[in-house]
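# Report on the structure
Next come the chains, spelled out residue by residue.
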Amino acid sequence: MTFLSPDAAAVARMIDHTLLKPEATAADVTALIAEAIELGTYSVCVSPSMLPLTIPAGADLKVAVVCGFPSGKHHSSIKAAEAALAVAQGADEIDMVIDIGAAKAGRFADVQADIAAVRASVPAPKVLKVIIESAALTDAEIVAVCEAAVAAGADFVKTSTGFHPAGGATVHAVRLMKQTVGDRAQVKASGGVRSYDDALAMIDAGATRLGVSGSAALVSGAVPAGSASSY
């Protein structure tokens, strides 16, 4: 078992330990859950077809599931149905992708309606995170999409899927998103958050949740020399 410094443990508790590769198997997800419990991450984040998950009794681990992933080009009714099924199968949180093209075209009312449709199928206290694909948007578009997400009742705005060629999270985008939503929503940084320094930079910019696939490597980089042991 790995022993983490308090700082590393606190960062781990902000992580959605993520496995969204198309080739992921049930065995991979079982390993993901075991690693998440060992590291003390907040949740595991998986594809909807992997549900339902078996979380060991007594484990303090949430289940997050993506929706409309990764393109966001699904009809709103399909996203809503996908989210509802995920919740019925045990998801605590839904990470939905907006229609990026609608945002690029300035159709922010349509973006808001898309999010609202999913929010209606994911009632509180279930958590809704809205992936805006920030690297593909201008600053003005980021602000407008974040406003649409808040108006539709989202709990989080999230930078990226990690699959878009434009790239993933940046400190600039996280800071802008946090400045826009203020206390009305939280910010999740995802996509390219690979090192402990990356994590700290995103947190400093306003992120309260991190999407990370290489969580063990990230938090182990924060363990002071001599503080890690196993038994």
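These numbers were taken from a predicted model, which means no experiment stands behind them. (Residues numbered from 1 in each chain as written. Predicted model: local features only at pLDDT ≥ 70, side-chain atom pairs only at ≥ 80, totals over all residues. Heavy atoms only, no water.)

### As for the confidence of the model for the protein chain
For the protein chain, per-residue confidence averages 94 on the pLDDT scale, and 94% of positions sit at 70 or higher. Predicted confidence is poor over residues 223–231, with pLDDT under 50, and the contacts of this stretch with residues over four places away or in other chains come to twelve contacts. (pLDDT = per-residue confidence, 0-100. Contact = heavy atoms within 4.5 Å.)

### With respect to the environment of A207
The residue A207 is located in the loop between helix 8 (196–205) and strand 8 (209–212) in this model. Taking relative accessible area as the criterion, A207 reaches 3% and is therefore assigned buried. A C-alpha to C-alpha distance of 9.9 Å links A207 and T159, two positions 48 residues apart in sequence. Setting aside residues up to four positions removed in sequence, A207 forms contacts with M14, V174, V187, A189 and M202. (Helix = DSSP H or I, 4+ residues; strand = E, 2+ residues; numbered from the N terminus. Buried < 20%, exposed > 50% of the residue type's maximum accessible area, 1.4 Å probe, protein only.)

### Structural notes on the pattern of salt bridges
Counting across every chain of the model gives 16 salt bridges. Here D95 ties to K158 by a salt bridge, and the two come within 2.9 Å at their closest N and O atoms. In this pair, D95 sits in strand 4 (residues 93–97) while K158 sits in strand 6 (residues 156–158), placing the two residues 63 residues apart along the sequence. Assigned by exposure class, D95 and K158 land together as buried. Put simply, D16, E93, D95, K129, K158, K188 and R209 are held in one network by salt bridges that share partners. (Salt bridge = Lys/Arg side-chain N within 4 Å of Asp/Glu carboxyl O.)

### Digging into the sheet that holds strand 2 (residues 43–46)
If you trace the eight strands once around the closed barrel, you get 1-2-3-4-5-6-7-8, paired in parallel fashion. Here the average twist between neighbouring strands, direction ignored, is 25°. In this sheet, strand 4 lies alongside strand 3 (residues 62–67) in parallel orientation, the contact comprising four bridges. Bridging from a neighbouring strand, V65 pairs with I94 of strand 4. Sheet strands in contact with helix 2 (residues 26–39) are strand 1 (15–19) and strand 2, and its direction is about 160° off that of strand 1. (Pairing = 2+ DSSP bridges. Axes fitted to C-alpha atoms, helices over the stretch in contact; angles between N-to-C directions.)

### Details of the pairing of strand 8
Here strand 8 shows two buried faces, one formed by R209 and G211 and the other by L210 and V212. Here strand 1 runs beside strand 8; their pairing, made up of three bridges, is parallel. Along strand 8, the bridge assignment pairs I15 with L210. Considered for its hand, the β-α-β crossover made up of strand 7 (residues 186–190), helix 8 and strand 8 is right-handed. (Right-handed = clockwise from strand over helix to strand, strands pointing away.)

### A short note on helix 8
Residue pairs three or four apart in sequence face the same way in an α-helix, which turns once every 3.6 residues. Taken together, the buried positions of helix 8 are occupied by Y196, A199, M202 and A205. Just beyond helix 8, the residue with positive phi is G206, at close to 130°.

### Some remarks on unusual backbone geometry
The linkage connecting L51 with the following residue, P52, adopts the cis geometry, with an omega of -5°. Position of P52 relative to the elements: it lies in the loop between strand 2 and strand 3. The omega torsion across A124 and P125 is 15°, close enough to zero to call that bond cis. Along the chain, the position of P125 falls in the loop between helix 5 (108–121) and strand 5 (127–131). Phi is positive for E133, which is not a glycine, with a value near 55°. Judged by its relative accessible area of 1%, E133 falls in the buried class.

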